[in-house]
Structure formats: C-alpha cells, structure tokens
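Spelled out, the chains give:
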Amino acid sequence: MAPARIVLAGAHGHGRHHLRRLHLLSDSGVAELAGICDVRPVEVGFGAPLQSSDLRELIAKTGAEITIICTPIHTHADLAVTALHAGSHVLLEKPPAATPEAHRRIAAAVAETGLACQVGFQSLGSAAIPALRHLIASGGLGRVRGIGGAGAWERPVSYFTRSAWSGRRRLDGVDVVDGALTNPFAHAVATALALADGPIAEIETELYRANAIESDDTSCVRIRLDDGLVLTVAVSLCAPERHEPYLVVHGDAGRATLVYTQDSVKVELPDGSVTTTVYDRADLLENLLDHVRTGTPLLVPLARTDRFTQVLDAVRLAPEPLPIAERHQEVERDGGGGVVRRVLPGIAGLTARSAERLALYSELDVPWTRVELLAGDRAVARYETRPDLPATDSPRPYLHRVRTLGGVEVTEVRPEDHVHHLGAGVAIADLGGANFWGGRTYVRDQGPTWLDDHGVQRHVAFSRLHDGGFVEQLEWIGPGGRLMAREERTVTVRPLRGAWALDFAFTLTNLTGAPLEINSSATKGRAGAGYGGFFWRAPGSSTARTTLPGDERAVHGSRDRWIAMSGTDPAGRDWTLVFAQDGDDPWFVRVEEYPGVGQALAWDRPLTVEDTLTMRVVTAVVDGRLDHAAAAALAAGL
C-alpha cells in the first residue's frame, strides 16, 4: 500500500513534534510528508514537501489524504473546514475550537463531507481510559462521589510571549481562549470528562494570573453532571518544578489515580492493597490512518469533544482572570532586573488539596483568591467580586470586612433586618425598571412588593489591581439578561494620620439606547426613602450610634458636603465614619432602625441618565468617636 500523503499546517512550535513523528512514519513507509502550510518557510530534514500558505491549494496540488492542523487555536475552525471541503481527513490539535459556534462549523463540515476529524487529545488514546471506566462501571471502587484533577508545571515568562496569541483570551477581537485549563492542561479536563458519561448540568470556573498576561496561568473548574457526579480540575503554570498531572477517582470502596501523562493507574482498596498498572497508548495519527484505510473506529472523533468545548466556553465567558498580588509570589529576575519566572509557593500542594476535596481554590482559604486592600502593610478591607447570592438580593460586588487601623469592623453583610444590604458598594432601587438594590420593590399605591425584576452587577475585569485599590469594569444586567449599563468603578485606599480613607468613585454608562431613569421608593410615593447610589451598611451590633453635624432627622436628606456616623462595637471600641461627597446630593441616613449611610440620587424626583453618571464619595475610617470639630477638620481634607 502506498504511503499516505499528509500535509502539515503549522510546522513551528508544537508543529515540530508532528514533523518528528512524520519523519519516523516516512522512514517506515507508512506516510509521506507531501506538503507544509505555514506563513514562514520551514527547513525540513527529510523528503521534499511542497510549501505554501494556501491550504486549499496545497491539498489540491499534493492530493493529501490527511491534514494535520497545528496552528493557533482561533484558526482551527477555518483551516479544518477548508481541509475537509478540499477532500482531506483531519487530525486537529487540541483544543478543537475557540467557541461552540466554531466547533459546530467543523462538525457540519464533517457531516457534509463524510470525512474524518480526529482531535489531538493524546491522553484519550491510552488504554488506561477504558480500563478505568470498566473499573468504575463494575463497582470496583464502590459508589463514585467525584473525580479530582491536579497539575502544576513551571513556565518562564518567555512562554507567554512565544507567539502573538500566547497568554491571550482574544486577539484583534477574535476569541483565542489560551489559558492553563484550555491549552496546556486541556488534557486534564478532557480526560476527566472521558471517565464519566452524561450531560453537563453546571460549570464553575475560577481564573487567576500571576504573570502579566491576559489569560489565566492558574485556574480551576468544577463540573457537575446531570447525575450529580462532580469533576474538578485545578492547575497552574507557576510551580517551581514540574509535577505530573493526575486524576483521582474517589469511591466509597477505593480510589484510583490516573497519571495520564504516564498512562499509569494506581488502585488503592480499603484492605490496604495497592496495584499499579501501566497501559499502552495508541498514536492518534496512526489510528486516523487505520480509520481511513480499514475503517478502524476513531479514538477521539470530534463528537467526543463536545463537552470539553462546553467547558472551554465557560472559561471564555468567565470574568477576566484575577491578578495575584506580587506579595504572594516568588519572583525570579535576571541580572538586569527583568522578571524571568513567577512562582506561587505551595501551588502543587494546593492543586492536590483541590483534587482531594473536589474544591475550588476560593474554598481552600487561599489568600490570593481574595481581593484584599491594604493601608500600608495592614489589611483594612476585602472586596467580593463573585458573591454567591440569591437573585432577590440583586447580586453585586461589594466591600466587606472593612475595618479601622485598630481592627474594628465597620461594615455588615446580609444582616437579618435587610439581607440584601451588602457592606459598602453601589445599589440602586430602580434603574430603568430593574431592581439593583435587592429585596422588595416599592410599587405606588401598593407598597413593598416582591417582583421578578432583580438585576445583577457582574464583575468583568480589573483593569488595575494592587494592594492600595483597583479600577474595575462591571456590567449591569437587568431581568432576562438585558445589558443595561456598564460601570467603571475606582476604589483607592488613602492614608490619613492615624486613620485611612476609602475613595470610591463610579461612572455608569447607559447602554439602552434611550434615556435611563433612576427612581426610588420616594419617587413612587414613600417619602424619605430616596435611597440609591453609593451605600454603606454599618454593623447593626454597634450601640450608642450618633451622627454629625446633627442627629438623624437633621442629616437625613441634607445636602451637606459631609456627614459622620459613630458607634461602639460589642467589645466597647468606638469607631467613626466621615463621608464626604463631590456633589450636593441628599444623604440617605438611618441610625435608629439600622446604621447605614448612602446617596439619594432620586431623593424626591427621578434622575435621568442620558449618557453617563459619575459619582464619588470618600469615607474616612477612624478609631474612636470624633466630635464635630474633629470630624469637620477631617472632612475638609478628604
């Protein structure tokens, strides 16, 4: 039988692996490298392949039976469809596509042409996969409660600059979705999915980055199948050395650990017995050749990767990766001071804990999973970007555990009296008919009423994040998923003598294409309830609560530049908050019912946002109880 004629699209980078493999197959007479499709000339030490940047033309000239596609992720769909319609079977590097739509385009071309598309998840060619599936199905491990994956590799900074698409989530407006879970550790995700059948019910992602890149270098995912089985994968490219990735199957009558890079399975049973078996692995190109020549079933047909693409899409749509502060890293530099490598101490152990507990990083009390603000070297606040809240709370990012330099907490989250009060942040009772405050909506002539009108403020990305503050991009999404507004939120910690200040500014941009009206309960008939805008909920456990420059009746609805609130915590420690605004909006103040201070953007009439709305409030956070003179003097400097 004549050697199969093969075209390689993408011969640099990982493509060199395929060149080496094709060299061996060429020497054995199984295959012939008929052509190379690349945008740069490639030196080849065997054969005389044609070279061209036009894949369709190259397949036509060479009569290639098979095309190997090893190009940037975002080019896979176009090239695979081109090759299939040109009459060539395809071996497509993982991940198969950058979006579900692109995946479907390839699947449609497979169906239209009747040709094969094998996806290059090499680990799925291992005989360990069916062996472990049989062990699980036969009950050899008892009832399986979950499968946990872990992987930690080392990668220098240069790894993320090796090509234009490396470390990118998108390039020139096109989805790339490079990242730890979707590229270097894509096999961990695909292999975990290969061990369990059934549709995916839910996907949770956590993306982080230690390096100055767009995509994640440290991340985890939890996948819940329809039958309740849980799969987790936790990985990082910031380890000090390579740790072989693995999957552990947790059963109530034993456990099995698959090191998929080594095709080994270790089975541990309650009687203390331990058995390790190393399995053979089939080469995916040879399997594709056998399929083309004899009809041998494909090991990794495109359809087998549908669920992987679902996971990839969850990563694509997730908020931008959270930067990991340098204080949590070990940074290696060259002689000129340039960063060579970033290491997260203990990261291999952390991924192992995730695999053992089937937990996300944020559930393992990892400091760098939290956004924490510092005044000097002292932690003074945390910021929650992805709160797990019921829809009726109008979920939104918020500051919490805000405390004085002396450690007195001055915020409260979800108090019993108003469970939708969330520390310090932005909340609006009625923005274009959507409730971004939480709780019941005030209806004229009817009163507080439960409506299906709650919105969500969705964290999108931090354009800047450091110990002293951040600039955040958010989306305001109304009922039914309607994108209503975009917000840029700037939060900065400012040092003061013996205290500190929280500088909180936001710009809300109307995206509805029409004037956007802000209303409040007051504009609908409930006098004095004009709340909406920046809002700070103080602890209800505080006693002896007072306000300045007057009592609650005097400051509520006032347009003074500043007001102050003081209280005493259960340990007998006094605190004071001094709020200063840039504008002259009325203040919304509660003292007796509960302690809270905020803006009243729609105090007694609606506020219309044609284009943008910008607001700023600076809050001094002080130990002790200030008198009028001290509070006024402090406010003058804010």
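In the annotation of an unreviewed UniProt entry, the entry for the protein reads Dehydrogenase, and the organism field reads Nonomuraea deserti.

Caption draft 1: Just the overall build of the protein, in detail. Scanning the protein for helices and strands turns up eleven helices and 39 strands. Its C-alpha atoms give the protein principal-axis dimensions of about 95 × 60 × 60 Å. Across the 638 residues that make up the protein, the buried fraction comes to 56%. At a minimum sequence separation of 6, the contacts of the protein that also span at least 24 residues come to 65%. Of the roughly 25600 Å² that the protein leaves accessible, carbon and sulfur atoms contribute 49%.

Caption draft 2: Region of interest: the UniProt feature "domain: Gfo/Idh/MocA-like oxidoreductase N-terminal" (unreviewed entry) in the protein. Within this structure's numbering, the places UniProt gives as "domain: Gfo/Idh/MocA-like oxidoreductase N-terminal" (unreviewed entry) are residues 5–121. Between the end C-alpha atoms of residues 5–121 the distance is 22 Å, and the span holds 38% helix and 22% strand.

Caption draft 3: Local environment of the UniProt feature "domain: GFO/IDH/MocA-like oxidoreductase" (unreviewed entry) in the protein. Residues annotated by UniProt as "domain: GFO/IDH/MocA-like oxidoreductase" (unreviewed entry) correspond here to residues 131–256. As a span, residues 131–256 carries 13% helix and 45% strand, and end to end its C-alpha atoms are 11 Å apart.

Caption draft 4: Looking closely at the sheet that holds strand β16 (residues 274–278). The mixed open sheet is built from nine strands, whose spatial order is β16-β15-β14-β13-β7-β12-β11-β10-β17. Lying at the two open borders of the sheet, with one neighbouring strand each, are β16 and β17 (322–323). Here strand β13 (residues 238–251) runs beside strand β14 (residues 254–259); their pairing, made up of five bridges, is antiparallel. Counterpart to His250 in the pairing with β14 is Arg255. Sitting on the sheet, helix α6 (residues 186–194) touches β7 (144–154), β10 (200–209), β11 (218–225), β12 (230–236), β13 and β14, and the angle it makes with β12 is about 165°.

Caption draft 5: Fine view of the domain arrangement of the protein. Segmenting the protein into domains produces domain 1 (4–119), domain 2 (125–278 + 316–363) and domain 3 (371–636). Of note, the centres of domain 1 and domain 2, computed from C-alpha atoms alone, are 28 Å apart. Taken together, the contact pairs eight residues of domain 1 with 13 residues of domain 2. Both sides together, the interface formed by domain 1 and domain 2 hides about 790 Å², and carbon and sulfur atoms give 68% of it.

Caption draft 6: Quick peek at the nonpolar core. Core analysis: the biggest nonpolar cluster contains 99 residues, and Ile106, Val249 and Leu285 have the highest contact counts within it. Sorting elements by how many residues they give to this core places α6 first, with seven residues. Counting residues domain by domain, this core receives three or more from each of domain 1 (4–119) and domain 2 (125–278 + 316–363). Discounting residues that sit within four places of it in the chain, Ile106 has contacts with Ala77, Ala80, Val81, Leu84, Leu92, Pro96, Ala97, Cys117 and Leu302. Tyr361, Phe506, Phe534 and Ala602 belong to the second-largest nonpolar core, a separate cluster that totals 69 residues.

Caption draft 7: Expanded view of the pairing of strand β23 (residues 424–431). A large share of β23 lies buried, amounting to eight of its eight residues. Judged from the five bridges that link them, β23 and strand β32 (residues 532–537) form a sheet pairing that is antiparallel. Within β32, the residue paired with Gly425 across the bridge is Phe535. The sheet contact formed by β23 and strand β24 (residues 434–436) spans two bridges and is antiparallel. Of the residues in β24, the one forming a bridge with Ile428 is Phe436. Hairpin geometry of β23 and β24 is characterised by an intervening segment of two residues between the two adjacent antiparallel strands and by a positive phi of about 60° at Gly432. As judged from the two bridges shared by β23 and strand β31 (residues 516–519), these two strands associate in the antiparallel manner.

Conventions used here
Residues numbered from 1 in each chain as written. Predicted model: local features only at pLDDT ≥ 70, side-chain atom pairs only at ≥ 80, totals over all residues. Heavy atoms only, no water. Helix = DSSP H or I, 4+ residues; strand = E, 2+ residues; numbered from the N terminus. Buried < 20%, exposed > 50% of the residue type's maximum accessible area, 1.4 Å probe, protein only. Contact = heavy atoms within 4.5 Å. Areas by Shrake-Rupley, 256 points an atom, 1.4 Å probe, with all protein chains shown as cover. UniProt positions renumbered as here; feature names shortened; annotations may be inferred. Pairing = 2+ DSSP bridges. Axes fitted to C-alpha atoms, helices over the stretch in contact; angles between N-to-C directions. Domains from an automatic or database assignment. Buried area = accessible area lost by both parts, 1.4 Å probe. Core = buried A, V, L, I, M, F, W, Y, C linked by side-chain atoms within 4.5 Å.

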